[in-house]
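Summary of structural features
Chain by chain, the residues:
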Amino acid sequence: MNVSPVPTLDLLCIGNAIVDVLAEVSHDALASLGSPPGGMTLIDAEQARGIEAGIMPSRVMGGGSAANTAVVARRLGASVGYLGKVADDAAGRHYAVDLRELGLTYPSAPVADADVPTARCIVLVTPDGQRTMHTYLGICTEFGPEDVDAPTVRSAAITYMEGYLFDKPRAQAAFVHAAELAHGAGRQVALTLSDSFCVGRHKAAFRDLVAGHIDILFANEDEIRALYDAADINEALTLAGRDTKLVAVTRGAQGAVVLADGKRHDVPTDAVTVVDTTGAGDAFAAGFLAGLAKERDLASCAALGNRAAGAIITKIGARPEDDFALRA
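Residues numbered from 1 in each chain as written. Predicted model: local features only at pLDDT ≥ 70, side-chain atom pairs only at ≥ 80, totals over all residues. Heavy atoms only, no water.

Attention now goes to the overall build of the protein chain. Tallying secondary structure elements over the protein chain gives 12 helices and 13 strands in all. Over its C-alpha atoms, taken along the principal directions, the protein chain stretches across nearly 55 × 45 × 40 Å. Looking at the protein chain as a whole, 52% of its 328 residues are labelled buried. Expressed as a percentage of contacts within the protein chain between residues at least 6 apart in sequence, the contacts between residues at least 24 apart total 74%. Carbon and sulfur atoms make up 51% of the accessible area of the protein chain, which amounts to about 14100 Å² in all. Computed over 28 positive and 41 negative side-chain charges, the separation of the two mean positions in the protein chain equals 5 Å. (Helix = DSSP H or I, 4+ residues; strand = E, 2+ residues; numbered from the N terminus. Buried < 20%, exposed > 50% of the residue type's maximum accessible area, 1.4 Å probe, protein only. Contact = heavy atoms within 4.5 Å. Areas by Shrake-Rupley, 256 points an atom, 1.4 Å probe, with all protein chains shown as cover. Lys, Arg positive; Asp, Glu negative; His and termini not counted. Charge placed at Lys NZ, Arg CZ, Asp CG, Glu CD.)

Tallying each qualifying case throughout the model produces nine aromatic pairs. With a centroid separation of 6.2 Å and 45° between ring planes, the pair formed by tyrosine 82 and tyrosine 95 is classed as tilted. A residue pair is termed long-range when its members are at least 10 positions apart, and tyrosine 82 in strand S5 (residues 80–83) and tyrosine 95 in helix H4 (residues 90–101) qualify at 13 residues. Classification of tyrosine 82 as buried rests on a relative accessible area of 0%. For tyrosine 95, a relative accessible area of 0% gives the class buried. Members of the aromatic cluster, each reached through a chain of ring pairs, are Tyr160, Phe218, Phe284 and Phe288. (Phe/Tyr/Trp six-rings, centres within 6.5 Å; stacked < 30°, edge-to-face > 60°.)

The next point concerns the pattern of salt bridges. Using the criterion set out here, one finds 12 salt bridges in the structure. Notably, a salt bridge pairs glutamate 52 with arginine 120, separated by 2.8 Å at the nearest N-O pair. Of the two residues, glutamate 52 sits in helix H2 (residues 45–53) while arginine 120 sits in strand S6 (residues 119–125), which places them 68 residues apart along the sequence. Its relative accessible area of 10% is what places arginine 120 among the buried residues. The salt bridge involving aspartate 98 is made with arginine 319; its shortest N-O contact spans 3.8 Å. Within this pair, whereas aspartate 98 is found in helix H4, its partner arginine 319 is found in the segment after helix H12 (298–312), the two being separated by 221 residues in sequence. Residue classification places aspartate 98 among the buried residues on the basis of a relative accessible area of 14%. One salt-bridge network, in which partners are shared between bridges, spans Lys85, Glu146, Asp147 and Arg170. (Salt bridge = Lys/Arg side-chain N within 4 Å of Asp/Glu carboxyl O.)

For the rest of this paragraph, the subject is helix H11 (residues 280–293). Helix length check: H11 (14 residues) gives 20 Å between terminal C-alpha atoms against 20 Å at 1.5 Å per residue, within 8%. Of all 14 residues in H11, 10 are buried; the element is thus mostly enclosed. If you check which residues of H11 are buried, you get Asp282, Ala283, Phe284, Ala285, Ala286, Gly287, Phe288, Leu289, Ala290 and Gly291. Directly after H11, the chain includes glutamate 295, whose backbone phi takes a positive value near 60°. (Expected span 1.5 Å × (residues − 1).)

So, about unusual backbone geometry. Of note in the backbone geometry, serine 194 takes a positive phi value of approximately 75° without being a glycine. Along the chain, serine 194 falls in the loop between strand S9 (188–192) and helix H7 (196–201). Even without being glycine, aspartate 229 reaches a positive phi, approximately 50°. Along the polypeptide, aspartate 229 turns up in the loop between helix H9 (221–228) and helix H10 (233–243).

Now for a nonpolar patch on the surface. On the surface, a cluster of nonpolar side chains totalling about 280 Å² of accessible area is made up of Met40, Leu42 and Leu137. Along the chain, leucine 137 turns up in the loop between strand S7 (131–136) and helix H5 (150–155). A residue is classified by how much of its surface remains accessible, and leucine 137, at 31% relative accessible area, is partly exposed. (Patch = residues over 30% accessible without salt bridge, like charges linked within 9 Å, V, L, I, M, F, W, Y side chains within 5 Å.)

By the element assignment, phenylalanine 218 lies in strand S10 (residues 216–220). Between the alpha carbons of phenylalanine 218 and phenylalanine 284 there is a distance of 9.2 Å; along the sequence they are 66 residues apart. The contacts of phenylalanine 218, once residues within four sequence positions are left out, are Tyr160, Ala190, Leu191, Thr192, Leu193, Ala248, Phe284, Ala285, Phe288 and Leu289.

As structure tokens, this is what we get:
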């Protein structure tokens, strides 16, 4: 096995590959579905087909937490790859084209003759701007060790994995496999906890993963407290600092706190007008990791993460718009 001593990618993200389908609908049309306005409802394939049959999409684009991080990091100037499972259907092919047009390396091959289609999140936007989401997880949750592209993992300075993907045993095995490949090549491994409920479902497995395989841990306050059953963030940071080298915790309007080598950095953020918090944590991780790729100090990395998150939450959606002007 030949491994280049110099990574060719700054960052590789692994997560749930979900196509976002956005459509404008009336309040009556939304009410006919019986979905809670502004909420997120998990749906099955038949429900997804039914909803899509009754809408005219205004935008179709790649989504998913780790993919959002990948796109923001690329816009910040990092070289980025992504691994996520899609079917060989129209949505899956669009997903691959979308990521590659944005400048990402995407070696994952769509699954031919798949039993289930590509995941999608159907986002229905009412005239008041409210977004109501219907999510069908599809094939993305079947990601397993065989979907981890070894050469791409070995080529990346940091492999970043999304906690939302951690629900199934085969995905958990894929995380360990990716981490072992990365460490075998002398690279680093990062994890975002993604969701406190996900942490609650798999707390012991997450703890084992963090302690045994993770160099950089991202979380918000609720997630890290849930992981360590901690009374407050200070206790959680102390415990996390024993398990991993670097911990970055987002705190909303209070900014972020970073702990590494026993040294804590509390990094404030600027106040912004919040329009949509979707993707804030994804953007923070992107900014932080893009800063690391440019060899910034940890406080500067957190500050860039704060600015990236601040830029995302002032607009609808979790991806940068054309006026996104930040650089690492």
